[in-house]
Amino acid sequence: MDSLSAESATVDELVEACINAFDDTGKLKDLSLVRMFLMMHPWYLPSIDLAKKLLLKSQEESCTAELRSRICHLVKFWISEFPVEFNLNPALAEQIRDLRDQLNTEGNEQESQLIDVESVPSYKWKRQVTQRVPSMSKKRKMSLLFEHLDASELAEHLTYLEYKSYCKILFQDYHSFVRHGCTVDNPILERFIMLFNSVSQWIQLMVLSKPTAQQRATVITHFVRVAQKLLQLQNFNTLMAVVGGLSNSSISRLKDTQAQISNDINKIFNSLLDLVTSCGNYSQYRRRFSECSGFRFPILGVHLKDLIAVHVALPDWTDDQKTRVNLTKTQQLYSILHELALVQTMPPNIDANTDLLNLLTVSLDQYHTEDEIYQLSLQREPRSSKPANSNPAPSLATKRPSMVDEWAASVKPKADPAIITKHIEKMVDSVFKNFDTDGDGYISREEFESIRNNFPYLSKFGELDTNQCQFWTRGFFLGQQPLSPW
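Everything numeric in this text was worked out from a predicted model, so none of it was measured. (Residues numbered from 1 in each chain as written. Predicted model: local features only at pLDDT ≥ 70, side-chain atom pairs only at ≥ 80, totals over all residues. Heavy atoms only, no water.)

Trainee: Could you clarify how one ought to interpret the pattern of salt bridges in this entry?
Mentor: When their charged atoms lie close together, side chains carrying opposite charge are able to pair. If you walk through the whole model with that rule in mind, you get 14 salt bridges. Between Arg 324 and Glu 13 there is a salt bridge whose closest N-O contact spans 3.6 Å. Of this pair, Arg 324 sits in strand β2 (residues 324–326) while Glu 13 sits in helix α1 (residues 11–19), and the two are 311 residues apart along the sequence. The class for Glu 13 is partly exposed, based on a relative accessible area of 36%. For Glu 118, the salt bridge identified is with Arg 97, shortest N-O distance 2.6 Å. (Salt bridge = Lys/Arg side-chain N within 4 Å of Asp/Glu carboxyl O. Helix = DSSP H or I, 4+ residues; strand = E, 2+ residues; numbered from the N terminus. Buried < 20%, exposed > 50% of the residue type's maximum accessible area, 1.4 Å probe, protein only.)

In structure tokens form, the structure reads like this:
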């Protein structure tokens, strides 16, 4: 940043430096400074106050035509680079309109034309917690049974869901999280963290839904393959969620199940575990992530911890009067946030199947406590009273204590009934679309049994035959009474 090299500066000095980073033709001479300031200014100056500063500066008697032009180019750049701020903050947009109106009143139409907040698109979808699944122009037929899905397809669909959720996170969400140290009043970031946790829980439930050790080992093997594909997709966040689920104590304690897993799968899993563990401040992950190009999905928890570490270690201001911004801290925070923001601009090249997304969404929206999952594990394989084998065979996640950091453990899942209902309706439509093979509007017992174990949500329908029903309608799965034509 050539135009500002000091370790601290006042807000006014920063504003002045950003204005002077443009010439009167709009050519930007110091992109890094302006981008850093516009992204980081909410740390010490609300956006509406920045807009007021620019408005007042343009009204000063000493403001020349050249200076006014530079101010307008700065505002134009602000709108073009951070349009979401102006769409989701009506007061900020109104302040910028005041600047434009003043320019028109004073006969400076050429400068006023540089300022256009009316064409900013809507970003309200970023504040909606529910996940919107776009309709796909191309439909691909695939099995909706997770155990029949190719590992690549499941990895792709998990990536698609998490990336869509990640794209809703705004700078303000990170700012609020770091300031408060939690997700209070931060539903979008909370939802993303809950999705991460839900993937880990869902994998545990998928394993524990199987009655025999060999079946459970097969599911574990399948998810290790999914984890491999996630690494190939450079999706480290979902990879960590999958590895965390497979290394959870509810799964790693299943000795009979672990004995059925091949040495090759154990080796693959342990290499993935090494990649995402916290050893050396996640040194393996950081090195691997830095080598990636194109789409890459970071482990958000690692970078959030980096933000918190910088925030705690360095003060916002360098003086007691809080007049001089600590630029060392600002630059360090900016480098982390800029990296996270870039991820949202490089979507994965994935052709997702809407029906599978609906089913995944419902499965991942069902929450269980750690204790409930562990009790299910004990039901599958009760604690043994036999003495431990002096030379046990190496098994999944028992080579050493797991060091996968449960960074999101403090966020407790909360099921919103309205959201769950919408997701269930979509899921039921997809189930009938793909499994009501004769199109009569009923799911037969045979059809239902073929899908129940694949979706933890459907496990609550374990005892279906109270009325000797052999067929069920949409109404049954939506919480109404079962209807049978017989």
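Trainee: How should the environment of Phe 77 be read in this particular structure?
Mentor: Residue placement: Phe 77 occurs in helix α4 (residues 65–81). Along the chain, Phe 77 and Leu 114 lie 37 residues apart, while their C-alpha atoms are 9.3 Å from each other. Every residue in contact with Phe 77, bar those within four places of it in the chain, is listed here: Phe 22, Leu 28, Leu 31, Val 34, Arg 35 and Leu 38. (Contact = heavy atoms within 4.5 Å.)

Trainee: Explain the packing of helix α12 (residues 236–246) against helix α15 (residues 263–276) here, please?
Mentor: In the contact formed by α12 and α15, the axes pass within 10 Å of each other and the chain directions differ by 120°. Considering their axes alone, α12 and α15 lie oblique with respect to each other. Crossing geometry of α12 relative to α15 is assigned as left-handed. Taken together, the residues of α15 that come into contact with α12 (itself represented by Phe 236, Leu 239, Met 240, Val 243 and Leu 246) are Phe 269, Leu 272, Leu 273, Leu 275 and Val 276. Among the residues making up the contact of α12 with α15, the classes are represented as 10 nonpolar, no polar and no charged. (Axes fitted to C-alpha atoms, helices over the stretch in contact; angles between N-to-C directions. Parallel < 35°, antiparallel > 145°, perpendicular 65-115°, else oblique. Left-handed = near helix turned anticlockwise from the far one by under 90°. Nonpolar A, V, L, I, M, F, W, Y, C, P; charged D, E, K, R; others polar.)

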